[in-house]
Amino acid sequence: QVQLVESGGGSVQTGGSLRLSCAVSGYSISFYSMAWFRQAPGKEREGVAVIVIDGRTNYADSVKGRFTISKDNAKNTLDLQMNSLKPDDTAMYYCAASWSSYRRRNIGPLDPDEYQYWGQGTQVTVSS
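Residues numbered from 1 in each chain as written. Predicted model: local features only at pLDDT ≥ 70, side-chain atom pairs only at ≥ 80, totals over all residues. Heavy atoms only, no water.

Caption draft 1: The sheet that holds strand 3 (residues 18-25), seen in detail. Within the open sheet, the four strands sit side by side as 1-3-8-7. Their pairing is antiparallel. In this open sheet, the two strands that pair with only one neighbour each are strand 1 (3-7) and strand 7 (67-72). Taking each pair of neighbouring strands and ignoring which way they run, the sheet shows an average axis angle of 15°. Inspection of the sheet shows strand 1 paired to strand 3 by five bridges, in the antiparallel sense. (Pairing = 2+ DSSP bridges. Helix = DSSP H or I, 4+ residues; strand = E, 2+ residues; numbered from the N terminus. Axes fitted to C-alpha atoms, helices over the stretch in contact; angles between N-to-C directions.)

Okay, here's the thing in structure tokens:
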């Protein structure tokens, strides 16, 4: 049974930090593109960060320089270190995995439809 379970969300003040984790079971993340998405109320789900099988990463412009995506193939976990948080970062954050041949080797713009496995989400709330 393939499962992705996010953790680490919470409520912080502007400028604070959080580290999100995604524990994956049922497959090895080393063979998949892994990504973080987020969705705020009334908004579309947007890609935040992606890491492909060779370790290359890409980020949404809104988080570049503040967020870092990483994976631990041995532990089969995906992390998102979030620093200098802003109220606009408030959203439900989801980890996702894609097995498509394209996503395994490309770090281009993220489309939720390209990802087949999803976690249940973890809430991040940033107050002023």
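Caption draft 2: Up close: the layout of surface pockets. If you add up the space inside the largest pocket, you get close to 170 Å³. Class assignment of the residues belonging to the lining of the largest pocket gives a composition of three nonpolar, three polar and eight charged. (1 Å grid on protein atoms, 1.4 Å probe; cavity = no way out; pocket = protein on both sides within 12 Å on 5 of 7 lines; lining within 4 Å. Points joined across faces, edges and corners; volume = space filled by probe spheres on them. Nonpolar A, V, L, I, M, F, W, Y, C, P; charged D, E, K, R; others polar.)

Caption draft 3: Here's a closer look at the pairing of strand 9 (residues 91-98). Within strand 9, seven of the eight residues are buried, which leaves it mostly tucked inside the rest of the structure. The pairing of strand 9 with strand 11 (residues 122-127) spans three bridges and is antiparallel. Note that in strand 11 the partner of Tyr-93 across the bridge is Thr-122. One ladder, built from two bridges, connects strand 9 with strand 10 (residues 117-118); its direction is antiparallel. Residue pairing across strands places Ala-97 opposite Tyr-117, the latter belonging to strand 10. (Buried < 20%, exposed > 50% of the residue type's maximum accessible area, 1.4 Å probe, protein only.)

Caption draft 4: Here's a closer look at the packing of aromatic side chains. Taken as a whole and assessed by the stated rule, the structure comprises six aromatic pairs. With a centroid separation of 5.3 Å and 25° between ring planes, the pair formed by Tyr-27 and Tyr-117 is classed as stacked. Note that Tyr-27 is positioned in the loop between strand 3 and strand 4 (33-39) and Tyr-117 in strand 10, a separation of 90 residues in sequence. When the ring of Phe-37 is compared with that of Trp-118, the centres are 4.9 Å apart and the planes differ by 50°; the resulting orientation is tilted. In this pair, Phe-37 sits in strand 4 while Trp-118 sits in strand 10, placing the two residues 81 residues apart along the sequence. Assessed through its relative accessible area of 26%, Trp-118 is described here as partly exposed. Joined through ring pairs, the aromatic side chains of Tyr-27, Tyr-32, Trp-99 and Tyr-117 make up one cluster. The ring of Tyr-94 carries Arg-45 above its face, with NZ or CZ at 3.9 Å from the centroid. The ring centre of Trp-118 lies 4.9 Å from the NZ or CZ of Arg-45, which sits over that ring. (Phe/Tyr/Trp six-rings, centres within 6.5 Å; stacked < 30°, edge-to-face > 60°. Lys NZ or Arg CZ within 6 Å of the ring centre and 35° of its normal.)

Caption draft 5: Main features of the pattern of salt bridges. One pass over the full model with this rule turns up seven salt bridges. Where Arg-56 meets Asp-54, a salt bridge forms, and the shortest distance between an N and an O atom there is 2.8 Å. A salt bridge links Asp-89 to Arg-66, with the nearest nitrogen and oxygen atoms 2.8 Å apart. Highlighted residues: Asp-89 in the loop between strand 8 (77-82) and strand 9 and Arg-66 in the loop between strand 6 (57-59) and strand 7, separated in sequence by 23 residues. Like Asp-89, the residue Arg-66 is buried in the burial classification. Where salt bridges share partners, they join Arg-38, Glu-46, Arg-66 and Asp-89 into one cluster. (Salt bridge = Lys/Arg side-chain N within 4 Å of Asp/Glu carboxyl O.)

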